[in-house]
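Residues per chain are reported as follows:
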Amino acid sequence: MKEVKTPKKPLIYYYGIVLIIIMIFNFLIAPMISRSQVEEVGYGTFMDMIEEGNIGVVEVEDSQILFTDKEETTIYKTSPMEDPTLTQRLHDIGAEFNRVIEEPVSPIWSFLLSFVLPILIFTALGQYMSKKLMEQAGGGKNSLAFGMGKSNAKVYVQSTKGIKFSDVAGEDEAKESLAEVVDYLHNPGKYTEAGASMPKGILLVGPPGTGKTMLAKAVAGEANVPFFSISGSEFVEMFVGMGASKVRDLFRQAKEKAPCIVFIDEIDAIGQKRNSGGSMGGNDEREQTLNQLLTEMDGFEENTGVIILAATNRPESLDPALTRPGRFDRRVPVELPDLKGREAILKVHAKKIKTTEGVDFHAIARMASGASGAELANIINEAALRAVRNGRTIVNQADLEESIEVVIAGYQKKNAILSNKEKLVVSYHEIGHALVAAKQNNSAPVQKITIIPRTSGALGYTMQVDTGDKYLLTKEELENKIATFTGGRAAEEVVFGEVTTGASNDIEQATKLARAMITRYGMNDEFGMVALETVQNQYLGGDASLACSAETQREIDQKVMELVKTQHAKARKILEENRSKLDELAKYLYEKETITGDEFMAILEGGEKE
Ligand code: ADP
Ligand code: ZN
């Protein structure tokens, strides 16, 4: 059931209505009342009334004479005249002198004092309070509640303070893919002419503090275009209905200023997968905001010069609608920096402080493995603070080393910081994969090996890239793949004689592949070409369902185990035979943390000196 939202009628409407009523009263009704209360008459009428004895109270002043009739129903007013016997005559007819006629305060005034003033005070107070409320809600002076729309809407454009790519240390791959955007913003005509269109949206994916915001700013800085920025969480903290209108506002401003960069930080705050079930009171607000964002993205033409960059550290939680072609269809990984990257980041931030001659940033970077750019910046700052505490203005090596501990203690809990032993195990594990792959025929070449923890939670990563797309795989190639998957664990066994939990993903993949070979690819001689499993839905993860008897099922399990075991043994053998290379490569990876396929091959093919 959907909640019916009563639209917030701006308070000012009510105030307005009250004000109009007051005005009508003031100008039309009040004068009539006032006229009926004090009647101005000529002196003649006054004299006539005296003669009739029709005077109640009288009050003679220099400038006017106020009097009432006998029944005191009406107050009269007249101007005094030369009349020496007036007092005597009034006395004779028994008029009262010794009471003060209260000249009624003009009803307009009394009305103003008793009604309008309080209302004005309340209005002012109300306005003030609402404004305070809005500010607290983070809306700045966005004035939807007052129905004044965009006249004083928030401006999202931000100064990039001339941030350039050179200010972002490391992250070369990310910079490379973003350089194209900069080029496009410089010269969109070139792209239009070639019929090429820039992606509208680019997703920067990586852990917090790796410089995603910085990179986005650097793109704007390099291209010298305006930088619009908003955080996803800012959208949802707003009042009902504000998120969508903010999106609209943001894009309207952006389109006016094109070419420009729009940066949406923490996009997962609004872009989370929508739950397929009925929205039980759910997050309608977030959904509306997301829908508005999608509408806006679809709404503007390609090559309008508005490029949307968004950052997230949870790409898997994003709604698929966001990552469809024409929306955020390009992904730029911004991973934690490796040793070289960390050193570079430390040096960039160290420019802001004074250090003693010959400070060893390499050593600091080595100690801070797993730290993000933001944490490294923090290390430098902590070091400077420590120096000040000790009465110095120049930072020395001890300050830096000390501050690593301060900062690392902070993040050790949340981040996977590897101990040296763990790092060594992961190094051997990854080299195990790579070496097994390299020593078999028809294996895809190794592209990159790293022991920098990934966003996905993996502690290391060996990237293989097939030369050219492959659609057909031979049985041998598949077996080799399985052997490669088992290579990580095999290396741990060969070198350390014990196993770790680090191979869980490998095991899963190897099993899946082995199973598919038997049940779907007909690669087992005994079963032959019988489909033992059918894939249910290729696009939803490809869950397979069994299509055979329980007995066959048991046999399949048996065969899968055998297959993996055979390949595992093969991998072990390869590693044992190449033990010296394994050691050499693992040590190299341990030192460098990230190595390229070329470096790997160079060592592998290098002479067997050691
Ligand atoms: P993210 O948006 O990925 O969470 P930020 O871009 O906000 O990270 O980075 C936070 C801070 O960390 C930056 O202001 C900068 O001082 C520092 N930083 C992060 N990565 C780098 C880097 N690669 N080079 C230099 N400084 C960095
Ligand atoms: Zn592995």
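Residues numbered from 1 in each chain as written. Chains lettered and ligands numbered in written order. Predicted model: local features only at pLDDT ≥ 70, side-chain atom pairs only at ≥ 80, totals over all residues. Heavy atoms only, no water.

Brief notes about the overall build of the protein
Counted only if it meets this: What counts as a helix is a DSSP run of H or I of at least four residues, what counts as a strand is a run of E of at least two, and both are numbered from the N terminus. Each residue's exposure class comes from its accessible area (1.4 Å probe, protein chains only) as a fraction of the maximum for that residue type: buried when under 20%, exposed when over 50%, partly exposed otherwise. Residues are treated as being in contact if the distance between any of their heavy atoms lies within 4.5 Å.
Helix and strand counts for the protein stand at 21 helices and 15 strands. Per-residue burial over the protein gives 42% buried out of 610 residues. Residue pairs in contact within the protein that sit at least 24 positions apart in sequence constitute 72% of those at least 6 positions apart.

Here's the deal with the site of ligand 1
Inclusion rule: Consider each residue's heavy atoms; a residue with any of them within 4 Å of a molecule or strand counts as near. Residues adjacent in sequence count toward polar contacts only when both atoms are side-chain atoms; beyond that, a polar contact is any pair of N or O atoms within 3.5 Å, and within protein one must be able to donate a hydrogen and the other to accept it. Surface accessibility in these figures is a Shrake-Rupley result with a 1.4 Å probe; residues are shielded only by whichever protein chains are displayed. Domains are outlined according to an automatic or database domain assignment.
As a matter of local geometry, ligand 1 sits amid 15 residues, with Ala 169, Gly 209, Lys 212, Thr 213 and His 349 nearest to it. Note that a nitrogen atom of ligand 1 is positioned 2.8 Å from one of the side-chain N or O atoms of His 349. In this structure, an oxygen atom belonging to ligand 1 sits 3.3 Å away from a main-chain N or O atom of Ala 374. Its free accessible area being 550 Å², ligand 1 has 79% of it covered by the protein chains. Elements with a contribution of two residues or more to the shell around ligand 1: α7 (212-223), α12 (339-350) and α14 (373-389). Two domains share the shell around ligand 1, each providing at least three of its residues, namely domain 3 (154-274 + 281-333) and domain 4 (339-408).

Quick look at the side chain of Ser 427
Of note, Ser 427 is situated in helix α16 (residues 420-438). On the basis of relative accessibility, which here comes to 0%, the residue Ser 427 falls in the buried class. Polar side-chain contacts of Ser 427 include one of 2.8 Å to the backbone oxygen of Lys 423. With near-sequence residues (within four places) excluded, Ser 427 lies in contact with Ile 451, Ala 586, Leu 589 and Tyr 590.

Side note on the packing of aromatic side chains
Note the following rule: Each Phe, Tyr or Trp ring, with Trp reduced to its six-membered ring, pairs with another whose centre is within 6.5 Å; inter-plane angles below 30 degrees give stacked pairs, above 60 give edge-to-face pairs, and intermediate values give tilted ones.
Applying the stated criterion across every chain, the model contains six aromatic pairs. Between Tyr 43 and Phe 46, the aromatic rings sit 5.6 Å apart at their centres with planes inclined by 75 degrees, giving edge-to-face as the arrangement. Of this pair, Tyr 43 and Phe 46 both sit in helix α2 (residues 43-52), separated by three residues, roughly a single helical turn. Taking relative accessible area as the criterion, Tyr 43 reaches 9% and is therefore assigned buried.

Notes on the coordination of the zinc ion (ligand 2)
Note the threshold: Donor selection uses N, O and S atoms within 2.8 Å of the metal (3.2 Å for Na, K and Ca). Since no water is included, sites may look incomplete. Key to geometry: four donors with every angle between 85 and 135 degrees are tetrahedral; four donors are square planar and six octahedral where opposite donors lie over 155 degrees apart and all remaining angles lie between 65 and 115; all other sites are irregular.
Binding of the zinc ion (ligand 2) to the protein goes through His 429 (NE2), His 433 (NE2), Asp 506 (OD) and Asp 506 (OD), at separations of 2.0 to 2.8 Å. With four donor atoms in place around the zinc ion (ligand 2) and angles of 52 to 144 degrees between them, the coordination shape is irregular. All donor residues of the zinc ion (ligand 2) come from one chain, and their arrangement in sequence is H-x3-H-x72-D. Of this pair, His 433 sits in helix α16 while Asp 506 sits in helix α18 (residues 504-519); the two residues are 73 residues apart in sequence, bridging distant segments of the chain. Each member of the pair, His 433 as well as Asp 506, carries the same accessibility label: buried.

Observations regarding the confidence of the model for the protein
Condition: pLDDT is a residue-level measure of predictor confidence that goes from 0 to 100.
Scored by pLDDT, the protein comes out at a mean of 80, with 80% of its residues at no less than 70. Segment residues 136-153 is flagged for pLDDT under 50; beyond a separation of four residues in sequence, or across chains, it makes 30 contacts in the model. Note that residues 277-281 has pLDDT below 50 and, in this model, three contacts with residues that lie over four places away or in other chains.

Observations regarding the nonpolar core
Threshold: We call a set of buried Ala, Val, Leu, Ile, Met, Phe, Trp, Tyr and Cys residues a nonpolar core when their side-chain atoms join them within 4.5 Å.
Ranked by internal contacts, the top residues of the largest apolar core, which has 28 residues, are Leu 178, Leu 185, Val 219, Ile 261, Ile 307 and Leu 309. Elements supplying a minimum of two residues to this core: α5 (172-186), β6 (201-205), α7, β8 (260-265) and β9 (306-312). Discounting chain neighbours no more than four positions away, the residues touching Ile 261 are Leu 185, Ala 216, Val 219, Ala 220, Val 225, Pro 226, Phe 227, Phe 228, Ile 307 and Leu 309. Residues Ile 230, Val 247, Val 306 and Leu 318 belong to the second largest nonpolar core, which totals 26 residues.

Overview of the packing of helix α17 (residues 475-496) against helix α19 (residues 550-577)
Inclusion rule: In this analysis an axis means a line fitted to C-alpha atoms, helices contributing only their contacting stretch, and an angle means the value between N-to-C directions, from 0 to 180 degrees. When an angle is under 35 degrees it counts as roughly parallel; over 145 it counts as roughly antiparallel; between 65 and 115 it counts as roughly perpendicular; any other value is oblique. The hand of a helix crossing depends on one turn: near helix anticlockwise from the far one by less than a right angle means left-handed, and clockwise means right-handed. Following the grouping adopted for this structure description, the nonpolar residues are Ala, Val, Leu, Ile, Met, Phe, Trp, Tyr, Cys and Pro, the charged ones are Asp, Glu, Lys and Arg, and the polar ones are all others, Gly among them.
Close contact between α17 and α19 brings their axes to 7 Å; oriented N to C, the two are set at 60 degrees. Relative to α19, α17 is oriented oblique. Pair α17 / α19 crosses with right-handed handedness. For the pair formed by α17 and α19, the contact residues are Glu 479, Asn 480, Ile 482, Ala 483, Thr 486, Gly 487, Arg 489, Ala 490, Ala 491, Glu 493 and Val 494 on the first element and Leu 563, Val 564, Gln 567, His 568, Lys 570, Ala 571, Arg 572, Leu 575 and Glu 576 on the second. Looking at the contact of α17 with α19, its residues break down into nine nonpolar, five polar and six charged.

Some details on the environment of Leu 513
Along the chain, Leu 513 falls in helix α18. Spatially, the C-alpha atoms of Leu 513 and Ile 482 are 7.1 Å apart, while their sequence positions differ by 31 residues. If we ignore the near neighbours within four places in the chain, the residues touching Leu 513 are Leu 478, Lys 481, Ile 482 and Phe 485.

What about α7?
Going by this rule: Take the number of residues in a helix, subtract one, and multiply by 1.5 Å to get its expected span.
Here α7 spans 17 Å end to end across twelve residues, near enough to the 16 Å set by a 1.5 Å rise per residue. Among the twelve residues that make up α7, nine are buried, leaving the element largely enclosed by the rest of the structure. Among the residues making up α7, those that are buried are Lys 212, Leu 215, Ala 216, Lys 217, Ala 218, Val 219, Ala 220, Gly 221 and Ala 223. Phi turns positive, to about 60 degrees, at Asn 224, one or two residues after α7.

Focus: the pattern of salt bridges
Defined as follows: Every case where a carboxyl oxygen of Asp or Glu lies within 4 Å of a side-chain nitrogen of Lys or Arg is listed as a salt bridge.
Within the structure shown, the criterion is met by 23 salt bridges. Among the salt bridges present, the one from Asp 249 reaches Arg 252, with a minimum N-O distance of 3.0 Å. Highlighted residues: Asp 249 and Arg 252, both in helix α9 (residues 242-257), separated by three residues, approximately one helical turn. Since its relative accessible area comes to 10%, Asp 249 is described here as buried.

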